[in-house]
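# Descriptive structure summary
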Amino acid sequence: MQPTHATGSNPRIVSPAEIGALVRRTRKALGLTQAQVAGYSGFSERFLVEFENGRTTGSMSRIHALLLQLNIQILVGDQPLRQVAPAIRQARKALKFTQVDCAGFLGMGLSTLKAIEKGHEGVSLLNLFRASEGLGLHWRVVDTKNRQQDR
């Protein structure tokens, strides 16, 4: 496994695959097996294995549930991952992009951008990452040690 940028205090995440690596490191630090985490979270073990190995398939709602299970908090810009839709819409408008122009700029379909801006649960992690990073909203891990997790 290659080292990731997601280490240290409030580390920046530079690719969606780093989230899988972060999940693996956190799971191991907690002394949990993939089977245990899969059982606790309702995911298949295969999904967890693939996700930890950098396959970034999966909807935002599934990934968010997994992150909550492991007490991992990610901010996108200044917003919690779960509440990023308004920030993406605001960033697009600040750049004076129409949705059509922004979708073209980001290399995604208009319906995908609309779903992202509405906070649709089925949006893929990869598309959400691409949209937010493309609009200048960087992802970072929040150190949750000695801190209560907002749920």
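Source: prediction; values computed, not measured. (Residues numbered from 1 in each chain as written. Predicted model: local features only at pLDDT ≥ 70, side-chain atom pairs only at ≥ 80, totals over all residues. Heavy atoms only, no water.)

### Focus on the overall build of the protein chain
Quick reminder of the rule: Counting from the N terminus, the helices are the DSSP runs of H or I reaching at least four residues and the strands are the DSSP runs of E reaching at least two. Think of it in three bands: with a 1.4 Å probe and only protein chains considered, a residue is buried below 20% of the maximum accessible area for its type, exposed above 50%, and partly exposed in between. By the convention used here, residues are in contact when the closest approach between their heavy atoms is within 4.5 Å.
A tally of regular secondary structure across the protein chain gives eight helices and four strands. Its helices and strands taken in sequence order, the protein chain reads β-α-α-α-α-β-β-α-α-α-α-β from the N to the C terminus. Expressed as a percentage of its 151 residues, the buried residues of the protein chain come to 46%. The long-range fraction of contacts in the protein chain, counting pairs at least 24 apart against all pairs at least 6 apart in sequence, stands at 61%.

### Re the pattern of salt bridges
Keep this limit in mind: Counted as salt bridges are all cases of a side-chain nitrogen of Lys or Arg within 4 Å of a carboxyl oxygen of Asp or Glu.
One pass over the full model with this rule turns up seven salt bridges. Ionic pairing is found between Glu-133 and Arg-12, a salt bridge with its closest N-O pair at 2.8 Å. Placement of the pair is Glu-133 in helix 8 (residues 125–134) and Arg-12 in strand 1 (residues 12–13), with a sequence separation of 121 residues. On the basis of relative accessible area, Arg-12 is assigned to the partly exposed category, the value being 36%. We note a salt bridge from Glu-50 to Arg-46, for which the minimum N-O separation is 2.9 Å. Of the two residues, Glu-50 and Arg-46 both sit in helix 3 (residues 45–52), four residues apart, roughly one turn of that helix.

### A short note on the sheet that holds strand 3 (residues 79–80)
Our working rule: For two strands to be treated as a pair, DSSP must find no fewer than two bridges joining them.
The strand order across the open sheet built from four strands is 1-4-2-3, with neighbouring strands paired in antiparallel fashion. The sheet is open, and its two borders are formed by strand 1 and strand 3, each paired with just one other strand. Here strand 2 (residues 73–76) runs beside strand 3; their pairing, made up of two bridges, is antiparallel. Looking across to strand 3, one finds that Val-76 is bridged to Gln-79.

### Describing the pairing of strand 2
Residues Gln-73 and Leu-75 line one face of strand 2 and the alternating positions Ile-74 and Val-76 line the opposite face, and both faces are buried. Pairing of strand 2 with strand 4 (residues 139–142), which is carried by four bridges, proceeds in the antiparallel orientation. Of the residues in strand 4, the one forming a bridge with Leu-75 is Arg-140. Turn length for the strand 2-strand 3 hairpin, with the two strands adjacent in sequence and antiparallel, is two residues, and the turn residue Gly-77 shows positive phi of about 65 degrees.

### A short note on the pairing of strand 4
Pairing geometry for strand 1 and strand 4, over two bridges, is antiparallel. Along strand 4, the bridge assignment pairs Arg-12 with Arg-140.

### Looking at the packing of aromatic side chains
This is how the line gets drawn: By convention, a stacked pair of Phe, Tyr or Trp rings (six-membered ring in the case of Trp) has centres within 6.5 Å and planes under 30 degrees apart, an edge-to-face pair has planes over 60 apart, and any other such pair is tilted. The criterion is that NZ of a Lys, or CZ of an Arg, lies within 6 Å of the ring centre and within 35 degrees of the ring normal, and then a charge sits over that ring.
Inspection of the entire model under this criterion finds four aromatic pairs. Every member of this aromatic cluster is reached through a ring pair, and the members are Phe-43, Phe-47 and Phe-51. In this arrangement the basic side chain of Arg-62 is found over the ring face of Phe-47, its NZ or CZ atom lying 4.2 Å from the centre.

### Notes on the confidence of the model for the protein chain
How we decide: For every residue, the pLDDT score states the predictor's confidence, bounded by 0 at the bottom and 100 at the top.
Scored by pLDDT, the protein chain has a mean of 85; 87% of the residues are at 70 or more. Between the elements of the protein chain, mean pLDDT differs from a low of 86, seen in helix 4 (residues 60–69), to a high of 97, seen in helix 6 (residues 99–106). Here residues 1–7 scores under 50 on pLDDT; set against residues more than four positions off or in separate chains, the count is 15 contacts. Taken as a whole, residues 146–151 scores under 50 in pLDDT and shows ten contacts with residues more than four places along the chain or in a different chain.

### Some words on the environment of Gly-119
Mapped onto the secondary structure, Gly-119 falls in the loop between helix 7 (110–118) and helix 8. Separated by 33 residues in the primary sequence, Gly-119 and Pro-86 place their C-alpha atoms 8.0 Å from one another.

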